[in-house]
Amino acid sequence: MPDLAAATDDYLTYLRVERGLAPATIRAYRADLSDFAASRGVSRAWAGSPDPAVGYLAARTRRGRRGDPGLAPSSLRRRAAALKGFYRYAYGEGLIGVDVAAHLDLPRPSRLLPETLTVEEIDRLLEAAGGDEAVDAAADVHEPGGSAPSHSLRDRALLELLYAAGLRISEAIGLDREDLSVDGAFVRVIGKGDKERLVPVGDVALDWLGRWIGGPRPALLSRSHVAPLRGGPLFLGDRGGRLARQQAWAAVKRAASRAGLADRVSPHTLRHSFATHLLEGGADLRIVQELLGHASISTTQLYTHLTGERIRDVYSRAHPRA
């Protein structure tokens, strides 16, 4: 019977050299396969039948038992993927005579409903982002950890665009000035898989973007001392370079804290709310899929479950015989 440790090393070398996987991924796979190898009886029987692998994964699903806490669903799925890939490699290389991988099923990933805000809560969040002198003064943005006036206007324009177009934060900070058409009222977005889409932008967001572009942005852009390509980044950091993801997320968190929504907001909250509000307003699911840049309609369908929950909640509160 082939040596399990040697087969594991061969597989990890294959992942690193031929598949080009990242070092962190290789380390995770090594840890998963080492845990498998350390299980009782595995080293002697791993190549003869699917039983050791199937039994190992079954044991790891038993959460909460003394001495065997089991794995969270996401961790179990990764562990199963590591084993399936390893066994597929071992069978393909002729190290084993049984196609064990064919007997291993990946646990279905859990589909948690995304957190969304109501329209009223979105209004509070956007108002709290600043950009208005009275709001900025009330928020006392000049305190440590706050925003300078130009930052406040930038933050408001950023949050308005995130909600108006349903963008991921990474998509928003990746925009250049030429990607925004003020006259056409749309933004050109490069999403996952380098797929391009054109997304409409409403009048309110365009107004705030215009204030940012015509206000403090040019002075910030000049700080970079580099000729801007495609008009330069739409959203800028302190030194005139492209706004970092951490800075963009900090802007969202500041607004959420001021609005009393700190525990309700994640980097995707504005995007989730955008999709949910469109569907609640009667938008076609396929249109929402296109706007979000989802490759699969099943991903967008998560929001239909969310709107269904909200409809049931409204019904139970409003109907006299609910």
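What comes next concerns the included structure. The model shown is predicted, which means the values in this text are computed figures rather than measured ones.

Quick notes on the rules
- Residues numbered from 1 in each chain as written.
- Predicted model: local features only at pLDDT ≥ 70, side-chain atom pairs only at ≥ 80, totals over all residues.
- Heavy atoms only, no water.
- Core = buried A, V, L, I, M, F, W, Y, C linked by side-chain atoms within 4.5 Å.
- Buried < 20%, exposed > 50% of the residue type's maximum accessible area, 1.4 Å probe, protein only.
- Helix = DSSP H or I, 4+ residues; strand = E, 2+ residues; numbered from the N terminus.
- Axes fitted to C-alpha atoms, helices over the stretch in contact; angles between N-to-C directions.
- Parallel < 35°, antiparallel > 145°, perpendicular 65-115°, else oblique.
- Left-handed = near helix turned anticlockwise from the far one by under 90°.
- Contact = heavy atoms within 4.5 Å.
- Nonpolar A, V, L, I, M, F, W, Y, C, P; charged D, E, K, R; others polar.
- Pairing = 2+ DSSP bridges.

Notes on the nonpolar core
No. 1: Core analysis: the largest hydrophobic core is formed by 54 residues, its most contacted members being Leu-159, Leu-161 and Phe-235.
No. 2: A total of eight residues in this core trace back to one element, the largest contributor, which is helix α8 (residues 149–165).
No. 3: By size, the runner-up hydrophobic cluster in this structure holds 28 residues, among which are Ala-7, Tyr-11, Tyr-29 and Leu-76.

Some remarks on the packing of helix α13 (residues 269–280) against helix α14 (residues 285–292)
No. 1: Orientation of α13 relative to α14, taken along the N-to-C sense of each, is 160 degrees, at an axis distance of 10 Å. By the angle between their axes, α13 is roughly antiparallel relative to α14. Judged by the sense of rotation from one axis to the other, the crossing of α13 with α14 is right-handed. Within the contact between the two elements, α13 uses Arg-271, Phe-274, Ala-275, Leu-278 and Leu-279 and α14 uses Leu-285, Val-288, Leu-291 and Leu-292.
No. 2: Of the residues contributing to the contact of α13 with α14, the split by class is eight nonpolar, no polar and one charged.

Observations concerning the sheet that holds strand β2 (residues 186–190)
No. 1: With antiparallel pairing, three strands are arranged side by side in an open sheet as β1-β2-β3. What marks the edges here is a single partner per strand, and that holds for β1 (180–181) and β3 (196–200).
No. 2: Alignment of β1 against β2, held across two bridges, turns out to be antiparallel. Its bridge partner lying in β2, Ser-181 is registered against Phe-186.

What to know about the pairing of β2
No. 1: Alternating positions in β2 separate cleanly, Val-187 and Val-189 being buried on one face and Phe-186, Arg-188 and Ile-190 remaining unburied on the opposite face.
No. 2: Linking β1 to β2, which pair antiparallel, is a turn of four residues; within it Ala-185 sits at a positive phi near 60 degrees.
No. 3: Sheet topology note: the β2/β3 ladder contains five bridges and is antiparallel. Within β3, the residue paired with Val-187 across the bridge is Val-199.
No. 4: The loop that links β2 with its antiparallel partner β3 comprises five residues; one of these, Gly-193, has a positive phi angle of about 70 degrees.

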